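# Residue-level structural notes
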Amino acid sequence: MDALRQRIPTACVLCGERTQGGGLCSFCVADWHYRYKHVRWRCQRCKVAQLSGVCRAQQLCQRCLVQPQAWHALAVAFDYVAPLDSLIWRFKNYHQLRLAPMLARMMQQAMWRDGWELPTAMVVTAIPSRRQALRRRGFNPAMELARYLARYLGLPLASDLLALTQPKADQAQKHRTQSQRWVHAQHAFVWRGAPPPETLLLVDDVLTTGSTLHSAACCALNHGVKQVYAVTLARVPWSML
Ligand SMILES: [Zn+2]
Ligand SMILES: [Zn+2]
């Protein structure tokens, strides 16, 4: 069914050019990979793109050198800048859920781009939405992406491993400074009590500082998960903060 759908003529979701299967045209795909690769610096651990400040020897940014994140590996599909950022806006804020399969494919390709070899005993889960965001949108964007990604990877999806602590964490992260996010994210998650999988793949839509993913990964590791991988659709470059 998927193979058949891939051959149906459609317009590119980004530029409107003719393509097939409801995704990006070949030009937009090439442009996506070019933009990701051709940044001056990219930290190999948190995938931040910035103008300077990466340790040349280790290819790590200053933050990762001082305070390493808890995840084993992180893959990011693209930087949160134009034109691809419009896909996230449409998906999250204009409820274009039809974009979810294509966006999940982009995340899968980001994992291939980084040469990941996934362990067999891996379970996929999503960072839960805050209550207010869930009420406003009616869906958790990260879970929609995780659902398709798990299917493409042939891995089980667990929707209830992590929960957000309330009520302090109820204030949206976007209103906080970078350092405040790190402090507030320290205890933002609780484990739901399910038996821990050996390896966990955490899925989120946008990574800003990495504090949320770090905190979720810490929570999983503290409850018996051996290794945490993470994948996000977009990564905010530091120049935007
Ligand atoms: Zn296009
Ligand atoms: Zn880094």
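As annotated in an unreviewed UniProt entry, the chain carries the name ComF family protein and comes from Paenalcaligenes hermetiae.

### A look at the overall build of the chain
Scanning the chain from N- to C-terminus turns up 9 helices and 10 strands. For the chain, the proportion of its 241 residues judged to be buried stands at 50%. As presented, the chain carries roughly 12,300 Å² of accessible surface, and 53% of it is formed by carbon and sulfur atoms.

### A word on the coordination of the zinc ion (ligand 1)
Around the zinc ion (ligand 1), the protein contributes the donor atoms Cys12 (SG), Cys15 (SG), Cys25 (SG) and Cys28 (SG), which lie 2.3 Å from the metal centre. Its 4 donor atoms give the zinc ion (ligand 1) angles of 104 to 115 degrees at the centre, a pattern that matches the tetrahedral case. Here the donor residues for the zinc ion (ligand 1) map to a single chain with the spacing C-x2-C-x9-C-x2-C. With cysteine 15 in the loop between β1 (9-11) and β2 (18-20) and cysteine 25 in the loop between β2 and α2 (26-37), this residue pair connects regions lying 10 residues apart in the sequence. You can call cysteine 15 partly exposed: its relative accessible area is 42%. The exposure class assigned to cysteine 25 is buried, which follows from its relative accessible area of 4%.

### A closer look at the pairing of strand β6 (residues 122-126)
The element β6 is extensively covered by neighbouring structure, given that 5 of its 5 residues are classed as buried. Relative to strand β9 (residues 199-207), β6 is paired through 5 bridges, and the arrangement is parallel. Of the residues in β9, the one forming a bridge with valine 123 is leucine 200.

### Structural notes on the packing of α2 against helix α5 (residues 100-113)
Relative orientation of the contacting elements α2 and α5 amounts to 50 degrees, with a least axis distance of 13 Å. With respect to α5, the axis of α2 lies oblique. Crossing angle aside, the handedness with which α2 passes α5 is right-handed. On the side of α2, the interface is formed by Trp32, His33 and Tyr36, while α5 contributes Met106, Gln109 and Arg113. Across the contact of α2 with α5, the residue classes tally to 3 nonpolar, 2 polar and 1 charged.

### What about α2?
A rise of 1.5 Å per residue sets the reference length of α2, with its 12 residues, at 16 Å; its end C-alpha atoms lie 17 Å apart and thus fit the reference within 8%. For α2, the complete set of buried residues consists of Cys28, Trp32 and Tyr36. Taken down its axis, α2 places every buried residue within 70 degrees of arc, on the same side. Opposite the buried face of α2, at more than 90 degrees from it, the exposed residues are Ser26, Phe27, Tyr34 and Lys37. On its buried face, α2 is in contact with β3 (41-42), β5 (73-79) and α5.

### Some points on the environment of alanine 104
As for its placement among the helices and strands, alanine 104 is situated in helix α5. For the pair alanine 104 and leucine 233, spaced 129 residues apart in the sequence, the C-alpha separation amounts to 7.8 Å. With residues near it in sequence (within four places) discarded, alanine 104 still touches Leu145, Tyr148, Leu149 and Tyr152.

### Examining helix α9 (residues 211-222)
In this model, α9 (12 residues) spans 16 Å end to end at C-alpha, consistent with the 16 Å of a helix rising 1.5 Å per residue. Burial analysis of α9 places 9 of its 12 residues in the buried class, the great majority of the element. Turning to α9, its buried residues are Ser211, Thr212, Leu213, His214, Ser215, Ala216, Ala217, Cys219 and Ala220. Looking one or two residues past α9, glycine 224 carries a phi angle of roughly 105 degrees, positive in sign.

### A few points about the nonpolar core
In this structure, Phe78, Leu103, Met106 and Leu201 are the most contacted members of the largest nonpolar core, which totals 45 residues. Looking at this core, the elements with two or more residues in it are α2, β5, α4 (85-92), α5, β6, α7 (141-153), β9 and β10 (227-235). Per-element accounting of this core gives the leading share, 8 residues, to α5. Ignoring sequence-local partners within four residues, the contact set of methionine 106 consists of Leu24, Trp32, Ala77, Phe78 and Leu84. Within the second largest apolar cluster, 30 residues are counted, among which are Val48, Trp71, Leu74 and Leu200.

Calculation criteria
- Residues numbered from 1 in each chain as written.
- Chains lettered and ligands numbered in written order.
- Predicted model: local features only at pLDDT ≥ 70, side-chain atom pairs only at ≥ 80, totals over all residues.
- Heavy atoms only, no water.
- Helix = DSSP H or I, 4+ residues; strand = E, 2+ residues; numbered from the N terminus.
- Buried < 20%, exposed > 50% of the residue type's maximum accessible area, 1.4 Å probe, protein only.
- Areas by Shrake-Rupley, 256 points an atom, 1.4 Å probe, with all protein chains shown as cover.
- Donors = N, O, S within 2.8 Å, 3.2 Å for Na, K, Ca; no water.
- Tetrahedral: all angles 85-135°; square planar, octahedral: opposite > 155°, others 65-115°.
- Pairing = 2+ DSSP bridges.
- Axes fitted to C-alpha atoms, helices over the stretch in contact; angles between N-to-C directions.
- Parallel < 35°, antiparallel > 145°, perpendicular 65-115°, else oblique.
- Left-handed = near helix turned anticlockwise from the far one by under 90°.
- Contact = heavy atoms within 4.5 Å.
- Nonpolar A, V, L, I, M, F, W, Y, C, P; charged D, E, K, R; others polar.
- Expected span 1.5 Å × (residues − 1).
- Arc of directions from axis to C-beta.
- Core = buried A, V, L, I, M, F, W, Y, C linked by side-chain atoms within 4.5 Å.

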